[in-house]
Amino acid sequence: MDPQQTSLQRLHNVEKRIVRVLELAGSVMDELASSTGPRANVLADHCREFMRSIKEIQTTLREEIKSACEYRPFEKCDYSARISNEICSKKLEYIIKQLDDIKESIN
């Protein structure tokens, strides 16, 4: 993965490679339908490039998915911890009030 490229640029390059893979598949079909018969070396070259491209596409997409899963913009945010503490504080205030009420009713 090229660190100089943005994720969007890498995905755009994947799209271009997918188009190329489809062109290769079309070329293979044309070669197989040729009236003179398929040329083994042309088929082998196309198939080799097809497999290499598929592997590159798969690798790039896997890296992009992994990168997207690791992206956590609010990771350093303490909002949930603050809200949790606020809720606990309110619960404690309520319990203290209840205990005070029980204490008064006993006296």
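Residues numbered from 1 in each chain as written. Predicted model: local features only at pLDDT ≥ 70, side-chain atom pairs only at ≥ 80, totals over all residues. Heavy atoms only, no water.

Peer 1: Explain helix α1 (residues 7–32) here, please?
Peer 2: An α-helical segment advances 3.6 residues per turn. Residues three or four places apart therefore align on the same side. In this model, α1 (26 residues) spans 37 Å end to end at C-alpha, consistent with the 38 Å of a helix rising 1.5 Å per residue. Every buried residue of α1 is accounted for by Arg10, Val14, Val21, Leu24, Val28 and Glu31. Where α1 is buried, its residues touch α2 (40–70). (Helix = DSSP H or I, 4+ residues; strand = E, 2+ residues; numbered from the N terminus. Expected span 1.5 Å × (residues − 1). Buried < 20%, exposed > 50% of the residue type's maximum accessible area, 1.4 Å probe, protein only. Contact = heavy atoms within 4.5 Å.)

Peer 1: In this structure, what is going on with the environment of His46? I would like to understand it.
Peer 2: Tracing the backbone through its elements, the reader meets His46 in helix α2. Residue His46 is classed as buried on the basis of its relative accessible area, which comes to 18%. Sequence separation between His46 and Ala25 is 21 residues, and the spatial gap between their C-alpha atoms is 7.9 Å. Apart from residues no more than four positions distant in its own chain, His46 is found in contact with Leu24, Ser27 and Val28.

Peer 1: Is there a simple way to think about the pattern of salt bridges in this case?
Peer 2: Close approach of charged atoms allows side chains with opposite charge to pair. In the structure shown here, the tally under the stated rule is eight salt bridges. The partner of Arg17 in a salt bridge is Glu56, with the nearest N and O atoms 3.7 Å apart. Of this pair, Arg17 sits in helix α1 while Glu56 sits in helix α2; the two residues are 39 residues apart in sequence, bridging distant segments of the chain. A relative accessible area of 22% places Arg17 in the partly exposed class. Through salt bridges with shared partners, one network takes in Arg17, Arg52 and Glu56. (Salt bridge = Lys/Arg side-chain N within 4 Å of Asp/Glu carboxyl O.)

Peer 1: Sorry, what's going on with α2 here?
Peer 2: Taking 1.5 Å of rise per residue, the 31 residues of α2 would be expected to cover 45 Å, and the 45 Å separating its terminal C-alpha atoms lies within 8% of that figure. Burial in α2 covers these residues: Val42, Leu43, His46, Ser53, Ile57, Thr60 and Glu64. Buried residues along α2 sit in contact with α1.

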